[in-house]
Amino acid sequence: MIGALLNLLYPARCVFCGIRMDGGEVCVCGACRTSLPRAAEGRSLDIRAPWLYRGPVRKALHRFKFGGATMYARTFGAVMAQCVQAEDYDLVAWVPCGWRRRLKRRFDQSRLLALKVARALDRPLVSLLVRKRHGRAQFRAEHADERRRNVKDAFAVRPKSRKALPAGARVLLVDDICTTGATFSECRRVILEAGAGRVTLLAAARTRNEFDKTTP
């Protein structure tokens, strides 16, 4: 009864085009399912994403990240989880945003996505990383070299999480958008140094189908 009333007052809508839907875990209409720019696997299986960061996908992620449309996390997370196999990973973590941005937005977008992904895959969600310093937003950096400098030594594995990280653990690291892969490279470096065996990035979208070379 309560659910029916909520659906009447707040009808489910496609997160991309806004058309009214019947509800469900994934709010993507049939037209958008077929027309959205899909991301190919590319040469590196270390970076996975369902979509390319273009058109309606870019606009929807902006509404989620900057417009407070946190309900989108359920749809994004469910679709992202379909890009990987649960049995390939031991735990799910996320790329934390800076505290100033988290305070301004009142949420960490990557953590919300990771929560949905972990639930869909039935894997533990671990607060693995912490930001040691807070540079300018990555999307404001114009060049790949600038992005790499911006995140160099910016992350560390939490001491408590380091002790609990199983040796050789297979980590699925969640982020909202992957551009050059600089943030992922830095996060992966510190996670591997902490004893993990493999780190894979799962993003909601990435800016191109294939990276020029395998992420170092």
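Our subject is the structure that appears above.
Notes on the structure in this doc start here. (Residues numbered from 1 in each chain as written. Predicted model: local features only at pLDDT ≥ 70, side-chain atom pairs only at ≥ 80, totals over all residues. Heavy atoms only, no water.)

**Re the nonpolar core**
So, point 1. If you look at the biggest cluster of nonpolar residues, it comprises 42 residues, and the most contacted ones within it are Phe16, Trp51, Leu61, Phe76, Met80, Leu172 and Val174.
So, point 2. Counting only elements with at least two residues in this core, the list comes to helix 3 (55-65), helix 4 (72-81), strand 3 (91-94), helix 6 (109-121), strand 6 (170-178) and strand 7 (198-206).
So, point 3. Looking at this core, the element that brings in the most residues is helix 4, giving 7 residues.
So, point 4. Contact partners of Phe76, with chain neighbours within four places excluded, come to Val15, Phe16, Trp51, Ala60, Leu61, Phe64 and Leu113.
So, point 5. Within the second largest apolar cluster, 26 residues are counted, among which are Leu173, Cys178, Ala182 and Ala196. (Core = buried A, V, L, I, M, F, W, Y, C linked by side-chain atoms within 4.5 Å. Buried < 20%, exposed > 50% of the residue type's maximum accessible area, 1.4 Å probe, protein only. Helix = DSSP H or I, 4+ residues; strand = E, 2+ residues; numbered from the N terminus. Contact = heavy atoms within 4.5 Å.)

**Brief notes about the pattern of salt bridges**
So, point 1. A complete count under the given rule lists 5 salt bridges for this structure.
So, point 2. With a shortest N-O distance of 3.0 Å, Asp90 and Arg170 are connected by a salt bridge. Residue Asp90 is found in the loop between helix 4 and strand 3, and its partner Arg170 is found in strand 6; the two are separated by 80 residues along the sequence.
So, point 3. On the basis of relative accessibility, which here comes to 30%, the residue Arg170 falls in the partly exposed class. (Salt bridge = Lys/Arg side-chain N within 4 Å of Asp/Glu carboxyl O.)

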